[in-house]
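# Structural description and commentary
One letter stands for each residue in the lines below.
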Amino acid sequence: MPNTMSLRAGAFALAALLALAALPARALEPFSADYQANYMGIQANARMTLARAGEDRWKYSIDIGGMGAELEQNTVFEIADDQWRPLSSVDSQRGTSGLAAMLVKRKSVTAEYDWDKGEARWTGDVDVDRAGPVKLRPGDLDGMLMNLVLVRDVAAGRPLDYRLVEEGRVKRQRFDVAGKERIEVAGKPREATRVVRRDGKREIIAWIVDGLPVPARVLQRRDGKDHIDLRLTTVH
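Source: prediction; values computed, not measured.

## Digging into the nonpolar core
With 48 residues, the main nonpolar core has Tyr-35, Met-48, Tyr-60, Phe-77 and Tyr-162 as its most contacted residues. The element that contributes the greatest number of residues to this core is helix 3 (residues 143-156), accounting for 8 residues.

## A few points about the confidence of the model for the chain
Summary statistics for the chain give a mean pLDDT of 82 and a share of 81% for residues scoring 70 or more. Taken together, the stretch residues 21-25 has pLDDT below 50 and engages in 29 contacts with residues farther than four places along the chain or on a different chain.

## Points about the layout of surface pockets
Here the idea is plain: a probe the size of a water molecule rolls over the atoms and shows the empty space left. One number sums up the size of the second largest pocket: a volume of about 240 Å³. Lining the second largest pocket are 15 residues; nearest its centre among them are Gln-83, Gly-139, Val-149, Arg-152 and Tyr-162. Breaking the lining of the second largest pocket down by element, the ones donating at least two residues are strand 5 (83-95), helix 3 and strand 9 (161-166). Its residues assigned to classes, the lining of the second largest pocket comprises 5 nonpolar, 2 polar and 8 charged.

## What to know about unusual backbone geometry
That bond from Gly-132 to Pro-133 is cis: its omega, 10 degrees, falls within 30 degrees of zero. Here Asp-56, not a glycine, exhibits a phi torsion of approximately 60 degrees, which is positive. Overall, the relative accessible area of 46% leaves Asp-56 in the partly exposed class. Phi angles above zero are rare outside glycine, and Glu-167 is one such case at about 45 degrees. Along the chain, the position of Glu-167 falls in the loop between strand 9 and strand 10 (169-174).

The rules behind each value
- Residues numbered from 1 in each chain as written.
- Predicted model: local features only at pLDDT ≥ 70, side-chain atom pairs only at ≥ 80, totals over all residues.
- Heavy atoms only, no water.
- Core = buried A, V, L, I, M, F, W, Y, C linked by side-chain atoms within 4.5 Å.
- Buried < 20%, exposed > 50% of the residue type's maximum accessible area, 1.4 Å probe, protein only.
- Helix = DSSP H or I, 4+ residues; strand = E, 2+ residues; numbered from the N terminus.
- pLDDT = per-residue confidence, 0-100.
- Contact = heavy atoms within 4.5 Å.
- 1 Å grid on protein atoms, 1.4 Å probe; cavity = no way out; pocket = protein on both sides within 12 Å on 5 of 7 lines; lining within 4 Å.
- Points joined across faces, edges and corners; volume = space filled by probe spheres on them.
- Nonpolar A, V, L, I, M, F, W, Y, C, P; charged D, E, K, R; others polar.

Dropping the structure here:
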């Protein structure tokens, strides 16, 4: 039986993996994409959307259902001087049925990135020492926006090295391009660029296919074993 920490960590990891999605290095366009997820043998469905939120502003959202839990993440960002800057984000989770209803603690965290003041703060279910403020620097990203920028930069051949500002902490995140690989997408073989991030015993691999607005597949591995596997089913 999974414990509370492993189930919560897996649920948030699933949301983080789905955030590895974006448009290539061209003008952003709204989209909706559906994924089938396998989390340690448990099936779940997810929908990811990108929508306009005003002039030069966008809202990127992920909703995950199944596993007896619901997870929602969204970030609002703006495009300013060719930089994609987070303005606000909301991360929430709750158990809805079965074992997850007992193990997945209800949680919601809101972030505000104030570029005029040059600082980020967090409210909601967050520890006092993680509430901020954290000083912002040009190019700083939150978790979801980092992954939008990642796929954009893969297409543009840019370095994949980022400064992540999230829940009162600053972390460097580096991804490596691991070459080309042929994978199956909707029953058809496609050539994909494989992008990898390694962190100790954990590894995230994303397969990005030219012409698709989102990754065709995202896989998380722990201790050399598959942990979460996401496969694209439809894009609208």
